[in-house]
Amino acid sequence: DVTITSVSNYNWHRNKWGLGQNVHSATTFISATENTSLGAFSNETRVQTTYDGPLNMMVGGYYQKSKRNYHQYDAFATLEDSSQPADLRYLSVIKSSKTKGETVAAFGQVTWKVIPQVELGAGIRYTHETKNSYLVQPYVNGALTGLILQNVTFAADQTFNNWSPEATITWKPSDDITVYGAYKTGYKSGGFSNGSTITATSLPSDVAFNPEKVSGFEGGVKTTLFDNQLRFNVGLYSYKYKNLQVDYFNSISFQFITPNAGSVTTKGVELEAEFAPRAIDGLTLRGSLNYNKARYGNYIAPCYGGQSIAAGCDTVFQGGLGQDLGGRPTAIAPNWTGSLGGDFEQPIGSGLVIGGSVDTRYSSKYFGSSFAVPLSLQKSYVNLDASLRLRTEDERWELAVIGRNLTNNFHISGVLDLPNSGSGTGTPGAVSADQIGLADLPRTVRVQLTWRY
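None of the values given here were measured: they were computed from a predicted structure.

Chemist: Please explain the overall build of the protein as it appears in this structure.
Modeler: Looking only at helices and strands, one finds zero helices and 27 strands in the protein. In terms of overall dimensions, the protein has C-alpha extents of about 80 × 50 × 50 Å along its principal axes. Within the span of the protein, comprising 453 residues, buried residues form 38% of the whole. When the accessible surface of the protein is split by element, carbon and sulfur atoms take 57% of a total near 24,500 Å². Distance between charge centroids for the protein: 3 Å, based on 37 positive and 37 negative side chains.

Structure below.
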């Protein structure tokens, strides 16, 4: 009736990369290398009861300690200082940063079966975090003096405390139908932008950002109908985020910052269905349709590179140029998404089974940029995936041909301003920065052999 579970983890990760980027011409060539390591130890222990009575509970605790070391070396074309030793001669900036973190959390949940068809659940989580960080640029090429600051340290000693409660009510009028409603809250830790750049206009708030919090309601109905042949679910939700963390790259000052949006509201409806008719053995059909409206409520944000006054760069953000994004959509937030697909498998004798699947995914248009940059607009698209497979009935082996994005659509999952592009930000004649995006894979086809032993 009582289960105790404890999981401990130690994780060490190193990230090393090099970049060479010829963005416009030989005179704007950029190169960089990075060497980052992250080590973390954690433990979570929980106690869960499963008594036959109406009341059960779960309590637990969590601890984590981590350390991140960050070093980056940047070189901008045409910048050279022959008076420096060989390892510094062509460097423009060296960055060094570190963050030490510690987290302690306690959580608990109680469930009460009021009557056999109705269950109430309530829980809460308390989190206490400390993070000590610094960022410094121990070397800056002399040509950048006054723009990028050498041996100026930005430090942050951050302490976060958070209570996250939740409550759920579930009603099962029959074995095939579940109706639920819930109030939920969430918390995402604040932090420090180790990879930022300290410029003459930088503020400590450019690199230290606050926690993100969310609260709201959701509810719906889950059903299994027609003698378990049809599964149909519908859900509704409404959540409000406070201090949403927004990643932003300033192409003019060449720095990453993470400001906090004042508020974001997201509301939506989700429909999901799966049908496996007994009349056609081996056939499964599935589909989903989702409507989501995600909009900034209160957010004075930085201007994007080359944003003109007419385009909205007409206010102040942390002493610099800003824009009011109230009512604008967030990044990667299409209003409509949907999917439609199916599987079919059929024995063909000799202990073999042949099968195939087809899935389509639809997305309406969305902005790839967190600041709704017009050039970052991704138009609506439909993706088509399909597969054909041959396997043994005991699933000992399987040979499959798998196709992804067979319609070969180009679409993006994130956008930044292109370095060294855009001009005149906050003026009538501004020229918008070019956009660089993270593109999903084009059409791909692979052959996959699986063997189980």
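Chemist: What is the right way to read the sheet that holds strand 16 (residues 300–302) from this model?
Modeler: What links the strands of a sheet is backbone hydrogen bonding, and the strands pair in either a parallel or an antiparallel sense. Read from one edge of the open sheet, three strands run 16-18-17, paired in antiparallel fashion. Looking along the sheet, the strands with just one partner apiece sit at the ends: strand 16 and strand 17 (315–317). Looking at each pair of strands side by side, their axes are set apart by 60° on average, direction ignored. Bridge count for strand 16 against strand 18 (residues 320–324) is three bridges, and the pairing is antiparallel.

Chemist: Mind showing me how you'd approach the state of the cysteines here?
Modeler: Two cysteines form a disulfide when their sulfur atoms are joined by a covalent bond. Within the structure shown, the criterion is met by one disulfide. Across the disulfide, cysteine 303 is cross-linked to cysteine 313 (sulfur-sulfur distance 2.1 Å). Its S-S torsion of approximately 100° makes the covalent link between cysteine 303 and cysteine 313 right-handed. Taken as a pair, cysteine 303 in the loop between strand 16 and strand 17 and cysteine 313 in the loop between strand 16 and strand 17 lie far apart in primary sequence, 10 residues in all.

Chemist: Got a minute to help me understand unusual backbone geometry in this structure?
Modeler: Generally, phi is negative for residues other than glycine and the peptide bonds are trans, each holding for most cases. Even without glycine at this site, asparagine 243 takes up a positive phi of about 60°. Position of asparagine 243 relative to the elements: it lies in strand 11 (residues 230–245). Looking at asparagine 243, the relative accessible area reads 30%, which means it is partly exposed. Even without a glycine there, the phi angle at glutamate 395 is positive, about 60°. By the element assignment, glutamate 395 lies in the loop between strand 23 (381–392) and strand 24 (397–404). For glutamate 395, a relative accessible area of 42% corresponds to the partly exposed category.

Chemist: Help me understand a nonpolar patch on the surface in this model?
Modeler: Together, Leu55, Met57, Val59, Val110, Trp112, Val114, Ile115, Leu120 and Ile169 make up an exposed nonpolar region whose accessible area comes to about 730 Å². Looking at the nonpolar patch, the elements that each hand over two or more residues are strand 3 (55–76) and strand 4 (93–115). Counting residues per element, the nonpolar patch draws most heavily on strand 4, at four residues. With respect to the helices and strands, the residue valine 110 is situated in strand 4.

Chemist: Explain the pairing of strand 10 (residues 212–225) here, please?
Modeler: Sheet topology note: the strand 7 (residues 177–188)/strand 10 ladder contains 12 bridges and is antiparallel. Bridging from a neighbouring strand, glycine 181 pairs with glycine 219 of strand 10. In sequence, strand 10 turns back onto strand 11 through a hairpin of four residues, with phenylalanine 226 there showing a positive phi of about 50°.

Chemist: Teacher, can you tell me more about the environment of lysine 113 here?
Modeler: Assignment of secondary structure puts lysine 113 in strand 4. A sequence separation of 195 residues divides lysine 113 from serine 308, and the C-alpha atoms of the two residues are 59 Å apart. Apart from residues lying up to four places away in sequence, lysine 113 is in contact with Pro54, Val118 and Glu119.

Chemist: Explain the side chain of asparagine 233 here, please?
Modeler: As for its placement among the helices and strands, asparagine 233 is situated in strand 11. Taking relative accessible area as the criterion, asparagine 233 reaches 12% and is therefore assigned buried. Not counting residues up to four positions away in its chain, the partners in contact with asparagine 233 are Val221, Lys222, Thr223, Glu270, Leu271 and Glu272.

Chemist: How should the pattern of salt bridges be read in this particular structure?
Modeler: Where charged atoms from two side chains of opposite charge approach closely, those side chains can pair. A complete count under the given rule lists 13 salt bridges for this structure. Lysine 184 serves as the salt-bridge partner of glutamate 218, at 4.0 Å between the closest nitrogen and oxygen. Highlighted residues: glutamate 218 in strand 10 and lysine 184 in strand 7, separated in sequence by 34 residues. A relative accessible area of 29% places lysine 184 in the partly exposed class. Each of Arg286, Asp343, Glu345, Asp359, Arg389 and Arg391 takes part in salt bridges that share partners, so that together they form one network.

Chemist: Teacher, can you tell me more about the nonpolar core here?
Modeler: The tendency in soluble globular proteins is for nonpolar side chains to be buried side by side. Of all hydrophobic cores here, the largest spans 13 residues; its most connected members are Leu244, Val246, Ala261, Tyr296, Tyr299, Leu325 and Phe371. Once residues lying within four places of it in the same chain are set aside, the contact partners of valine 246 are Ile257, Thr258, Pro259, Ala261, Tyr296, Tyr299, Ser370 and Phe371. Counting seven residues, the second-largest nonpolar core is a separate cluster that includes Ile30, Phe76, Val93 and Ile148.

Chemist: Hey, could you run me through the packing of aromatic side chains in this one?
Modeler: The description of an aromatic ring pair uses the distance of the two centres, along with the angle that the planes make with each other. What the rule picks out here adds up to four aromatic pairs. Judged by centre distance (4.6 Å) and plane angle (40°), the ring pair of tyrosine 126 and tryptophan 163 falls under tilted. With a gap of 37 residues between them, tyrosine 126 in strand 5 (residues 118–140) and tryptophan 163 in strand 6 (residues 154–174) connect regions that are remote in the sequence. Look at tyrosine 296 and tyrosine 299: their rings are 5.1 Å apart centre to centre, the planes differ by 45°, and that puts the pair in the tilted class. The class of tyrosine 296 is buried, set by a relative accessible area of 3%. Tyrosine 299 sits in the buried class, given a relative accessible area of 1%. In this structure, lysine 222 packs its charged tip against the face of tyrosine 180, placed 5.6 Å from the ring centre.

Chemist: Honestly, the environment of proline 374 in this entry has me stumped. Any pointers?
Modeler: Tracing the sequence through the fold places proline 374 in the loop between strand 21 (366–367) and strand 22 (377–378). Accessibility expressed as a relative area gives 52% for proline 374, which makes it exposed. Between the alpha carbons of proline 374 and serine 432 there is a distance of 9.3 Å; along the sequence they are 58 residues apart. Discounting residues that sit within four places of it in the chain, proline 374 has contacts with Tyr304 and Phe367.

The rules behind the values
Residues numbered from 1 in each chain as written. Predicted model: local features only at pLDDT ≥ 70, side-chain atom pairs only at ≥ 80, totals over all residues. Heavy atoms only, no water. Helix = DSSP H or I, 4+ residues; strand = E, 2+ residues; numbered from the N terminus. Buried < 20%, exposed > 50% of the residue type's maximum accessible area, 1.4 Å probe, protein only. Areas by Shrake-Rupley, 256 points an atom, 1.4 Å probe, with all protein chains shown as cover. Lys, Arg positive; Asp, Glu negative; His and termini not counted. Charge placed at Lys NZ, Arg CZ, Asp CG, Glu CD. Pairing = 2+ DSSP bridges. Axes fitted to C-alpha atoms, helices over the stretch in contact; angles between N-to-C directions. Disulfide = S-S within 2.5 Å. Patch = residues over 30% accessible without salt bridge, like charges linked within 9 Å, V, L, I, M, F, W, Y side chains within 5 Å. Salt bridge = Lys/Arg side-chain N within 4 Å of Asp/Glu carboxyl O. Contact = heavy atoms within 4.5 Å. Core = buried A, V, L, I, M, F, W, Y, C linked by side-chain atoms within 4.5 Å. Phe/Tyr/Trp six-rings, centres within 6.5 Å; stacked < 30°, edge-to-face > 60°. Lys NZ or Arg CZ within 6 Å of the ring centre and 35° of its normal.

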